[in-house]
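# What the coordinates show
These are the residues of each chain, in order.
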2 protein chains.
Amino acid sequence: MCEANVYILKDDREELVLESVDKVIPQEEGILLEDIFGKRKLVRARIKEMALVNHRIILEEIK
Amino acid sequence: MCEANVYILKDDREELVLESVDKVIPQEEGILLEDIFGKRKLVRARIKEMALVNHRIILEEIK
């Protein structure tokens, strides 16, 4: 499966937000994440970088 | 491998932009894509939706 783990950068440290993420949908208020089990999480952030082969998505906070 | 194919929405049709994309990096001017062979493409667009399990990333044009 090709889901990814999503991290958010806080003070130069990466904090895990959600594992096994399938869907990533940018919205006005932030990024909506949905994992392979259907669990959703809305994060007030923007996408900084995605490395799909390494299963990593990095977000950064919206200040 | 968990790369994805990137499409852009034009007039409600999906047009293939780049296959086998590994890295997706939003920038001021648009989205920088890099495939698994290192080929890069900068697209004037924003991310509309990503479905990683289906290997699909949908962009929409910035007007």
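Summarised in this report is the structure supplied together with it. (Residues numbered from 1 in each chain as written. Chains lettered and ligands numbered in written order. Predicted model: local features only at pLDDT ≥ 70, side-chain atom pairs only at ≥ 80, totals over all residues. Heavy atoms only, no water.)

## Quick notes on the side chain of Ser20(B)
Residue and element names in this part refer to chain B. When you line up the elements, Ser20 lands in strand E2 (residues 13-27). For Ser20, a relative accessible area of 18% puts it in the buried group. Discounting chain neighbours no more than four positions away, the residues touching Ser20 are Glu3, Ala4, Asn5, Asp35 and Ile36. (Helix = DSSP H or I, 4+ residues; strand = E, 2+ residues; numbered from the N terminus. Buried < 20%, exposed > 50% of the residue type's maximum accessible area, 1.4 Å probe, protein only. Contact = heavy atoms within 4.5 Å.)

## Here we look at the pattern of salt bridges
Any two side chains of opposite charge can pair, given that their charged atoms come close. Residues and elements named next belong to chain A. All chains considered together, the criterion is met by ten salt bridges over all chains. The shortest N-O distance in the salt bridge between Lys10 and Glu15 comes to 3.4 Å. Classification of Lys10 by relative accessible area gives partly exposed; the value is 30%. For the salt bridge of Asp22 with Lys23, the shortest nitrogen-to-oxygen distance reads 3.5 Å. (Salt bridge = Lys/Arg side-chain N within 4 Å of Asp/Glu carboxyl O.)

## Notes on the interface of chain A and chain B
Residue-level contacts link 20 residues of chain A with 20 residues of chain B. Between chain A and chain B lies a buried interface of about 1,700 Å² when both sides are counted; carbon and sulfur atoms form 69% of it. Per-residue buried area on chain A facing chain B is highest for Cys2(A), Met50(A) and Leu52(A); these three make up 38% of the total on that side. At the boundary of chain A and chain B, one finds zero salt bridges. At the boundary of chain A and chain B, one finds six residue pairs in polar contact (both at pLDDT 80 or more). Secondary-structure elements contributing two or more residues to the side of chain A that touches chain B are strand E2 (13-27) and strand E5 (45-51) of chain A. No other element matches the six residues that E2(A) contributes to the side of chain A that touches chain B. When grouped by side-chain class, the residues that make up the side of chain A that touches chain B number 14 nonpolar, one polar and five charged. Direction of pairing for E2(A) relative to strand E5 (residues 45-51) of chain B: antiparallel, over a ladder of two bridges. Counterpart to Lys23(A) in the pairing with E5(B) is Ala51(B). (Buried area = accessible area lost by both parts, 1.4 Å probe. Polar contact = N/O pair within 3.5 Å; in protein donor to acceptor, adjacent residues only side chain to side chain. Nonpolar A, V, L, I, M, F, W, Y, C, P; charged D, E, K, R; others polar. Pairing = 2+ DSSP bridges.)

## Details of the pairing of strand E3 (residues 30-35) of chain A
Residue and element names in this part refer to chain A. Along E3, six of the six residues are buried, which leaves the element largely enclosed by surrounding structure. As judged from the six bridges shared by E2 and E3, these two strands associate in the antiparallel manner. From the neighbouring strand, Pro26 faces E3, where its bridge partner is Ile31. Following E2, the chain reverses through two residues before pairing antiparallel with E3. Across four bridges, E3 lies against strand E4 (residues 40-43) in antiparallel orientation. Its bridge partner being in E4, Leu33 is matched across the sheet by Lys41.

Without other data, these values stay purely geometric and don't point to any function.
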